[in-house]
Amino acid sequence: MKLNFDYNSVKAQFPAVNRKVNGNPCIYLDGPGGTQVPQRVVDKISEYLLHHNANAHGCYVTSIETEHIMENGREAVADFLGCEKDEVAFGESTTGNNFKLAFALARDLKPGDEVIITDIDHEGNRSPWKLLADFGAVIKSVKVDKKTFTLSFDDYKEKLSSKTKVVAINWASNATGTITDVKKYIDLAHEVGAITIVDAVHYAPHKPIDVKAIGTDFLVCSAYKFFGPHLGVIYTKKETISKIRTIRVDAYDNTEPPEKFETGTPNFELISGTAEAVEFIADIGKNHADYFKDQLKGLAGRRKNIVAGMLAIDEYEEEMSLVLKNGLEEIPEVTLYCPPSDEPKTSTVSFTVKGKNANDVAKFLADKGIFVWDGDFYAIEIINNVLKLEDQGGLIRLGLAPYNTMDEIHKTIHAVKEYCSL
Ligand SMILES: Cc1ncc(COP(=O)(O)O)c(C=O)c1O
């Protein structure tokens, strides 16, 4: 049986796809920098601002509605991550959430304590932890294999010790799409008593997340990468967050999780939009629950639909990704930067063109209405220092989303071929 993904009805929900550049319909391959947003998410944000706008904890109707909307947001994201609603907190961005967590953990660090980060991570999951050096911590970064673009578990094991207090690890690379088996890193970190943080920003738009299955203490992701607004989401394991002295205002109503991780007035309208992005994924899943019934055993309700939705998105994207990779591989000037076919990865495809600056390739595609990212995407360590691609402008990155189509993939391959034959 083949997945029957109704991409026409999915695509029709994104008004952005109607835009043209130089007469060409836009092809959005910039998803890893932020996906497009369906109309229903925008409607929810407007609805909040137009009809429910208030601060929380008042005794009048819009304030009471605001609290319901906040609760609903936590519940939806909890179903998305596979946790309890009190384990979900919101913040401005993933980078912001990590900085806030790093400052909280800094209070209990002693000089000589060690923190492990990785060479494959975005700076949003490196810089906040590198900053702990200012508080006396020793920072160690796990190496990446230059040929397979995978993290070295052996190097991690060498760096991990009883001195390790924090391990910040990447689930999927926003540069190469590499997926790391984070569970085995987390299990070892917990054996030495370290706290774990997983960056799932690039993983979240492509694969279902189950925070309990990987056992992490914290996980960060950003709603704008999975069809929502610009908002950061953090999973805070109850047993861990309850022991941490978070950065917060001295007030009586924010001492318990999840509020104890949040500062200031929450972004209610964006939380409402994020919940709707999760509902969008769940609605996709409703059509595919039968197809994925073996993987959905034991799941029910919205969680089941979300997992089905993510599995459907993943399978749909993977088919396009394979065609994209094969098509690009046939172009002699192109070098792909993707893990080997037997390694787990997302649908993202990154490449360089021999003798050309990545920015020139991206500009050529942009003129044709094909939107792609070029550069280091803040994955500075792997792209500039490990792969040494800075002089040629880094990588060209093609990201796939459920609103993309096979026809767009063929057009993109054709455009890259055209560029290479100039
Ligand atoms: C893998 C990864 N981690 C972290 C971030 C930072 O997320 P935010 O922009 O929400 O701070 C990004 C953003 O592109 C990312 O791709």
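We now turn to the structure provided with this report.

What counts, and where the lines are drawn
Residues numbered from 1 in each chain as written. Predicted model: local features only at pLDDT ≥ 70, side-chain atom pairs only at ≥ 80, totals over all residues. Heavy atoms only, no water. Helix = DSSP H or I, 4+ residues; strand = E, 2+ residues; numbered from the N terminus. Contact = heavy atoms within 4.5 Å. Buried < 20%, exposed > 50% of the residue type's maximum accessible area, 1.4 Å probe, protein only. Pairing = 2+ DSSP bridges. Near = heavy atom within 4 Å. Areas by Shrake-Rupley, 256 points an atom, 1.4 Å probe, with all protein chains shown as cover.

This brings us to the side chain of Lys 325. Along the polypeptide, Lys 325 turns up in helix H11 (residues 301-329). Those residues in contact with Lys 325, other than ones at most four positions away along the chain, are Leu 336, Cys 338, Lys 345 and Val 349.

Counting buried positions along strand S10 (residues 232-236) yields five of five residues, so the element is predominantly enclosed. Going residue by residue along S10, you find Gly 232, Ile 234 and Thr 236 tucked away on one face and Val 233 and Tyr 235 tucked away on the opposite face as well. The pairing of strand S4 (residues 88-91) with S10 spans four bridges and is antiparallel. Residue pairing in the sheet places Val 88 in a bridge with Tyr 235 of S10. Two strands pair when backbone bridges link them, and strand S9 (residues 218-222) and S10 are joined in this way by five bridges, in the antiparallel orientation. In the sheet register, Ser 222 faces S10, and the bridge partner there is Gly 232.

With burial as the criterion, each face of strand S15 (residues 395-398) is covered, one bearing Leu 395 and Arg 397 and the other bearing Ile 396 and Leu 398. With three bridges joining them, strand S12 (residues 349-353) and S15 adopt antiparallel strand pairing. Paired with Ser 350 across the strands is Arg 397, a residue of S15. Where strand S14 (residues 373-375) lies against S15, three bridges are found, and the strand directions are antiparallel. Residue Asp 374 lies in a different strand from S15, and its bridge partner there is Ile 396.

This part is about the site of the ligand. In the region of the ligand, the neighbouring residues are Ser 93, Thr 94, Thr 95, His 122, Asn 174, Asp 199, Val 201, Ser 222, Tyr 224 and Lys 225. Protein coverage of the free-state accessible area of the ligand, which is 390 Å², stands at 90%.

Attention shifts here to unusual backbone geometry. With the exception of glycine, most residues fall at negative phi, and the peptide bonds are largely trans. With an omega dihedral of 5°, the bond running from Pro 257 to Pro 258 counts as a cis peptide bond. Phi is positive for Phe 149, close to 60°, though the residue is something other than glycine. Tracing the backbone through its elements, the reader meets Phe 149 in the loop between strand S6 (138-142) and helix H6 (153-159). If you check the backbone angles, Lys 388 has positive phi at about 55° while not being a glycine. Position of Lys 388 relative to the elements: it lies in the loop between helix H13 (380-386) and S15. Of the residues examined, Lys 388 reaches a relative accessible area of 61% and is grouped as exposed.

By themselves, these are just geometric observations and shouldn't be taken as functional.
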